[in-house]
Amino acid sequence: MAKRVLIVDDEPNIVTALEFLLEKRGYEVRVAVNGEAAMAEVEAFKPDLVLLDVMMPKVSGYEVCQRMRANPQWRGIKIVMLSAKGREVEVSKGMSLGADLYVTKPFSSAELVATIDGLVSGEA
């Protein structure tokens, strides 16, 4: 069964590139364009990993991360936070809320996909 990745980002260029690369690698991919939709997709899609933008409409990525970690059924889902905010305080906040990884934009899509491979296979 294909591993599932939920991309939560409101930047179409990022979503399109990551969706293409992940599907090419055999992942089942869904997309949410705001934090509210992300919560619904986590419930319905049950992803193995969530790529989560920090600055999202309606509900921030930080809040989505916090809500996911508060739900015992979702604690095993890997969370990779994506953000243009790369200061130490933002990274620390994301990690303290339960993110498995914090990646600053711009990033290499190929490197990110390789990192995702490691996270979902348990090698990272």
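On a predicted model such as this, the values are computed, not experimentally measured, just so you know. (Residues numbered from 1 in each chain as written. Predicted model: local features only at pLDDT ≥ 70, side-chain atom pairs only at ≥ 80, totals over all residues. Heavy atoms only, no water.)

J.: Help me understand the pattern of salt bridges in this model?
T.: Should their charged atoms come close, side chains of opposite charge can pair. Applying the stated rule across the entire model yields 10 salt bridges. A salt bridge links Lys 105 to Glu 11; its shortest N-O distance comes to 3.1 Å. Of this pair, Lys 105 sits in the loop between β5 (101–104) and α5 (109–121) while Glu 11 sits in the loop between β1 (4–8) and α1 (12–24); the two residues are 94 residues apart in sequence, bridging distant segments of the chain. Where Arg 67 meets Glu 63, a salt bridge forms, and the shortest distance between an N and an O atom there is 2.6 Å. Separated by 4 residues within a single helix, Arg 67 and Glu 63 lie in helix α3 (residues 61–70), roughly one turn from each other. What makes Arg 67 partly exposed here is its relative accessible area of 37%. (Salt bridge = Lys/Arg side-chain N within 4 Å of Asp/Glu carboxyl O. Helix = DSSP H or I, 4+ residues; strand = E, 2+ residues; numbered from the N terminus. Buried < 20%, exposed > 50% of the residue type's maximum accessible area, 1.4 Å probe, protein only.)

J.: Just to check I follow, could you spell out the side chain of Arg 69 for this structure?
T.: Positionally, Arg 69 belongs in helix α3. According to the relative accessible area criterion, Arg 69 is buried, its value standing at 15%. When neighbours within four sequence positions are excluded, Arg 69 is seen to be in contact with Trp 74, Arg 75, Ile 77, Lys 78, Ile 79, Leu 97, Gly 98 and Asp 100. (Contact = heavy atoms within 4.5 Å.)

J.: What is the right way to read the pairing of strand β2 (residues 28–32) from this model?
T.: The side chains of a regular strand alternate, residue by residue, between the two faces of the sheet. As paired elements, β1 and β2 share 5 bridges and run parallel to each other. Its bridge partner lying in β2, Val 5 is registered against Val 29. (Pairing = 2+ DSSP bridges.)

J.: Help me out: how do you make sense of α5 in this one?
T.: An α-helix turns once per 3.6 residues; consequently, residues spaced three or four apart project the same way. End to end, α5 covers 18 Å across 13 residues, agreeing with the expected 18 Å (1.5 Å per residue, within 8%). Here α5 has its buried residues at Leu 112, Val 113, Ile 116, Asp 117, Gly 118, Leu 119 and Val 120. Buried residues in α5 make contact with β1, α1, β3 (49–53), β4 (78–83) and β5. Of the residues one or two after α5, Gly 122 is the one with positive phi, at around 80°. (Expected span 1.5 Å × (residues − 1).)

J.: Would you explain α3 in this entry?
T.: Within α3, the full set of buried residues consists of Gly 61, Tyr 62, Val 64, Cys 65, Met 68 and Arg 69. Buried residues in α3, looked at end-on, bunch into an arc of 165°, giving them a common side. Here the buried face of α3 lies against α2 (35–45), β3, β4, α4 (88–96) and β5. (Arc of directions from axis to C-beta.)

J.: Looking at this model, I keep getting lost on the sheet that holds β4. Mind explaining?
T.: Strand pairing in a sheet relies on backbone hydrogen bonds. The paired strands run either parallel or antiparallel. Read across the sheet, 5 strands follow the order β2-β1-β3-β4-β5 without closing on themselves; strand pairing throughout is parallel. Strand pairing shows two members of the sheet lacking a second neighbour, β2 and β5, which therefore form its edges. Strand-to-strand twist across the sheet, computed as the mean angle between neighbouring axes with direction ignored, equals 20°. Two strands pair when backbone bridges link them, and β1 and β3 are joined in this way by 4 bridges, in the parallel orientation. Bridge assignment links Leu 6 to a residue of β3, and that residue is Val 50. α2 rests against β1, β2 and β3 of the sheet, and its axis sits at about 150° to β2. Set on the sheet, α4 makes contact with β4 and β5; between it and β5 the angle comes to about 150°. (Axes fitted to C-alpha atoms, helices over the stretch in contact; angles between N-to-C directions.)

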